[in-house]
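Notes for the structure review
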Amino acid sequence: MRAKNLLSFGLQAVRTCLGRLNRPYKLTFSVTDKCNLRCRSCNIWKQKIGDELSIDEIDLFFSKNPGIYWLDLTGGEVMLRQDFPEITRSAVRNLPHLFQFHFPTNGTLPDRTERSTQIALDLGIPKVVVSVSIDGPPRLHDELRDRHGTWESAVETYGRIKALPGAEVYFGMTLGAENLDLVSETIDSIAAKIPGFGPADLHLNIAHDTFYYGNPGVSPLAPHEVEAVLRSFMGMRGFPSNPVLLLEWLYQRKVPQYLETRKSPIRCQALSASLFLTATGDVFPCTSYEEKLGNLRDVDFDLGVVWDQPTSIRLFEEIKRGQCPGCWTPCEAYQSIMASLPRPGTWLTRTSHRLSKRSPSEPRA
């Protein structure tokens, strides 16, 4: 099953090179807006909780839209949904091609997170990935999360998931003005608690202001400062040793360009490979483009009605031409990078060619 799903997953990524897919293969689904922290970089916790989709509605949606290969369940804090295991079971029952199942967590509920991950593994999902949010060393993390003890809890959660055979877990650190120069200290502080932890276990991205986070006015980072931090970080990692690290390496190399232009450095695959679904069933191209395409409850949970409508096609063309708000979040960047890999003459090919001409002592990033 794993090999078959991996092959079909790869074919979907390649097909995006040929034109718009008739249905997305990746779904980013915010299953709840509830959150138990008051993070400085995100205002989801301030939002009014709407009429969130029930487990029965989610089950109906999955059953009518079985073509999802990559499911990213996010929030809010996903572990606050008591029925999260049922959502997972519904996904496995109704999505026959499901290959990658990912959810982020703030790490405040270690028991529940461990149980939910084990359930996903027991259900036979080929690739189960959990990302635990970290903002820096203990003091800064707790300060930015507005609660004492959240760093310790996050580290405990990471350790528990790491111990589960078959699970992939990493810390996700969003770079902002407060923690930009604390990457090495963050790694060291975690390694003191978890022997063997290193740069390959930490994934870096950059802060965005989006309608999803409800955080307008995020302080922009200086491209040259971010580039220096990422160059140092990639130097600590060395050349990518597996596909996941390669994707992140390619993502990070393009961060300074995004910060300069505020546009996706490569053609975005929103509304071709992927889309974003809110907890109340609203459909958007992504977490950055606040153009509501419809609500699942209004179309009897048939995504095709929304996907095929003229508005969606028009917005896809706008995104294709770079006329959207622009972002470079991993949620949108990774599938876009994957779509660019098979194209001869792409920036990946050129980058690899340049790297091959460097001397062994020359920095790789």
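Model, not experiment: these values are computed from the prediction.

So, how was this worked out
- Residues numbered from 1 in each chain as written.
- Predicted model: local features only at pLDDT ≥ 70, side-chain atom pairs only at ≥ 80, totals over all residues.
- Heavy atoms only, no water.
- pLDDT = per-residue confidence, 0-100.
- Contact = heavy atoms within 4.5 Å.
- 1 Å grid on protein atoms, 1.4 Å probe; cavity = no way out; pocket = protein on both sides within 12 Å on 5 of 7 lines; lining within 4 Å.
- Points joined across faces, edges and corners; volume = space filled by probe spheres on them.
- Nonpolar A, V, L, I, M, F, W, Y, C, P; charged D, E, K, R; others polar.
- Helix = DSSP H or I, 4+ residues; strand = E, 2+ residues; numbered from the N terminus.
- Expected span 1.5 Å × (residues − 1).
- Buried < 20%, exposed > 50% of the residue type's maximum accessible area, 1.4 Å probe, protein only.
- Polar contact = N/O pair within 3.5 Å; in protein donor to acceptor, adjacent residues only side chain to side chain.

**A closer look at the confidence of the model for the chain**
Model confidence for the chain is summarised by a mean pLDDT of 89, while 90% of its residues fall at 70 or above. Scored below 50 in pLDDT, residues 344–365 makes 28 contacts in the model with residues more than four places away or belonging to other chains.

**Some points on empty space enclosed by the protein**
Leftover empty space is mapped by rolling, across the atoms, a probe with the size of a water molecule. For the structure shown, the criterion picks out 3 cavities of 30 Å³ or more. What lines the largest cavity is simply Ser 264, Cys 268, Ala 270, Cys 286, Ser 288, Tyr 289, Ile 319, Cys 324, Pro 325, Gly 326 and Cys 327. Its residues assigned to classes, the lining of the largest cavity comprises 8 nonpolar, 3 polar and no charged.

**Considering helix H4 (residues 110–122)**
For H4, which comprises 13 residues, the first-to-last C-alpha distance of 18 Å matches the rise-based estimate of 18 Å (1.5 Å per residue) to within 8%. For H4, the elements touching its buried residues are helix H3 (84–94), strand S3 (100–105), strand S4 (127–133), helix H6 (150–162) and strand S5 (167–175). One or two residues past the end of H4 sits Gly 124, with phi positive at roughly 85°.

**A short note on the environment of Thr 32**
Examined against the element boundaries, Thr 32 turns out to sit in the loop between strand S1 (26–30) and helix H2 (55–64). On the basis of relative accessible area, Thr 32 is assigned to the buried category, the value being 0%. Separated by 46 residues in sequence, Thr 32 and Val 78 place their C-alpha atoms 6.4 Å apart. Here Thr 32 is in contact with Glu 52, Thr 74, Gly 75, Gly 76, Glu 77, Val 78, Arg 81 and Ala 279, once residues within four sequence places are set aside. Of the polar contacts made by the side chain of Thr 32, one reaches the backbone nitrogen of Lys 34; its length is 3.1 Å.

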